Amino acid sequence: MKGQVKRAFRYRFYPSEAQTVELSRTFGCVRKVYNLALQARTEAWAQRGERVGYEATSALLTAWKRTEELAFLAEVSAVPLQQALRHLQTAFGHFFAKRARFPRFKSRKKSRASAEYTRSAFRWRDGTLTLAKMAEPLDIRWSRPLPEGAVPSTVTVSRDPAGRWFVSLLCEDPGVTPLPATDSVLGIDVGLDHLLVLSTGEKIGNPRHERRDRTALAKAQRALCLKQKGSNNRAKARIRVARVHARIADRRTDHLHKITTRLVRETQTLVIEDLAVSNMLGNQCLARAIGDAGWRQFRQQLEYKADWYGRDVIVVNRWFPSSKLCSVCGALAAAMPLRVRTWTCGCGATHDQDVNAARNILAAGLAVTVCGAGVRPQRNTPGGRSVTKQKTLRREP
């Protein structure tokens, strides 16, 4: 790993009344500038075939501030507005590289309320953080210390749907260094009965965080439906629903962090299976359970932590028949429905379906590495059809 790792440290803070007003105005202006720039770039291409980049939208921002209708944009810090234009430029870059969809307009109710400040728009002194246009520092709860001598390069302030305020400090963390290399390898199969099944035979349970709070969530949602639209009571009920969702998400994230940290510390090479999670969520019977398991979040955490600590993550093609293949003799079963949890191959070997899948995933990943072929799966099939996991998730009769 070259150089130091840039790492974001997230803390909760409690703004004063004046800071709440200023940050709320900044969030609104950021959203307005992003939408105006997106509209300008879209119309320029659709009507005149003209490409508008960051520099052109930055000049447009200056012109917007001088108009009577948008003069309020000059009342907040200019840095978060410029950062919104940079984020839009990044979004278009991902779109043209076919890594993401076309950028979408930000909604007041659904989009994330956030603003990013660079070094010129905040003051960091003696462990206190003061943002531009504010007289007092933020009241931050320092739940963990920053790296010694760390100075934030960017600061992102956000407010979640539950009304909680967070500040994220991006710093260089010298404490993140590669771990000593080992010879350990591990195949991982994700599931619903068990969150993870390892090639060693270990099974990590699925806490089902959403199911634990399903009664409280249903009660809060019923109360929300009974409130009159636009009333203060409806706003309070919406926050109660958001708090239940936030509690579920926080528990899931914490659990996945503990698992991925342990796996990365103990294992040199981790082999996982590429999953079309978005396609799987179209399954009406299992979408709720799949979303609650957090498979996509698990993979994201595993990959960036492996990159930090010098570990290897190998991704096996989703079309690989890991569940139907005998890990002893290599025979391929004709079918393997989900209701079959153990099965016996013609060679006499008896398999647990999930453990067998994890061992096959491990063998496939190691074989690909030895052969020197690419380990990343193809995103599209030759026939142009959508790609899904070969082990289709459905309820068997």
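Residues numbered from 1 in each chain as written. Predicted model: local features only at pLDDT ≥ 70, side-chain atom pairs only at ≥ 80, totals over all residues. Heavy atoms only, no water.

By the naming in an unreviewed UniProt entry, the chain goes by IS200/IS605 family element transposase accessory protein TnpB and is assigned to Lentzea indica.

Participant: Now, about the UniProt feature "domain: Probable transposase IS891/IS1136/IS1341" (unreviewed entry) in the chain: what can you tell me, with residues and values included?
Facilitator: The feature "domain: Probable transposase IS891/IS1136/IS1341" (unreviewed entry), as annotated in UniProt, sits at residues 172–283 in this numbering. Overall, residues 172–283 shows 50% helix and 19% strand. The separation of its end C-alpha atoms is 42 Å. (UniProt positions renumbered as here; feature names shortened; annotations may be inferred. Helix = DSSP H or I, 4+ residues; strand = E, 2+ residues; numbered from the N terminus.)

Participant: Now, about the sheet that holds strand β6 (residues 154–159): what can you tell me, with residues and values included?
Facilitator: Strands sit in the order β2-β6-β7-β1-β5 across an open sheet of five strands; the sheet is antiparallel. Sheet topology places β2 (113–118) and β5 (140–141) at the edges, where each strand pairs with a single neighbour. Judged from the nine bridges that link them, strand β1 (residues 5–13) and strand β7 (residues 165–173) form a sheet pairing that is antiparallel. Residue Arg7 lies in a different strand from β7, and its bridge partner there is Cys171. (Pairing = 2+ DSSP bridges.)

Participant: Would you mind going over the environment of Phe92 in detail, with residue names and values included?
Facilitator: Tracing the backbone through its elements, the reader meets Phe92 in helix α3 (residues 78–96). The sequence separation of Phe92 and Ala63 amounts to 29 residues, and the corresponding C-alpha distance is 22 Å. Not counting the four nearest positions on each side in its chain, Phe92 is found in contact with Leu38, Arg41, Phe102 and Pro103. (Contact = heavy atoms within 4.5 Å.)

Participant: Describe the packing of helix α6 (residues 232–266) against helix α9 (residues 295–308), listing the residues and the values that go with them.
Facilitator: Where α6 meets α9, the closest approach of the two axes is 9 Å, and the angle between their N-to-C directions is 40 degrees. Classified by the angle between their axes, α6 and α9 sit oblique to one another. At the point where α6 passes α9, the crossing takes the right-handed sense. Taken together, the residues of α9 that come into contact with α6 (itself represented by Arg252, Thr253, Leu256, His257, Ile259, Thr260, Thr261, Leu263 and Val264) are Gln297, Phe298, Gln301, Leu302, Tyr304, Lys305 and Ala306. Residue classes in the contact of α6 with α9 are distributed as eight nonpolar, six polar and two charged. (Axes fitted to C-alpha atoms, helices over the stretch in contact; angles between N-to-C directions. Parallel < 35°, antiparallel > 145°, perpendicular 65-115°, else oblique. Left-handed = near helix turned anticlockwise from the far one by under 90°. Nonpolar A, V, L, I, M, F, W, Y, C, P; charged D, E, K, R; others polar.)

Participant: Could you give an account of the pattern of salt bridges, with specific residues and numbers?
Facilitator: Under the definition given, this model contains 20 salt bridges. A salt bridge links Arg7 to Asp173; the shortest N-O distance between them is 3.0 Å. In this pair, Arg7 is assigned in strand β1 and Asp173 in strand β7, connecting sequence segments 166 residues apart. Look at Arg7 and you get partly exposed, because its relative accessible area is 21%. With relative accessibility at 8%, the residue Asp173 sits in the buried group. A salt bridge links Asp213 to Arg251; the shortest N-O distance between them is 3.2 Å. Here Asp213, found in the loop between α4 (209–212) and α5 (214–226), pairs with Arg251, found in helix α6; they are 38 residues apart in sequence, far enough to count as distant. (Salt bridge = Lys/Arg side-chain N within 4 Å of Asp/Glu carboxyl O. Buried < 20%, exposed > 50% of the residue type's maximum accessible area, 1.4 Å probe, protein only.)

Participant: Outline the packing of helix α1 (residues 17–48) against helix α2 (residues 54–65), supporting the account with residue identities and numerical values.
Facilitator: α2 packs onto α1 with a crossing angle of 120 degrees between their chain directions and a minimal axis gap of 10 Å. Judged on the interaxial angle alone, α2 and α1 are oblique. Both α1 and α2 take part in a crossing whose hand is right-handed. Residues Val33, Leu36, Ala37, Ala40 and Arg41 of α1 lie in contact with α2, whose contacting residues are Tyr54, Thr57, Leu60, Leu61 and Trp64. For the contact of α1 with α2, the per-class residue count stands at eight nonpolar, one polar and one charged.

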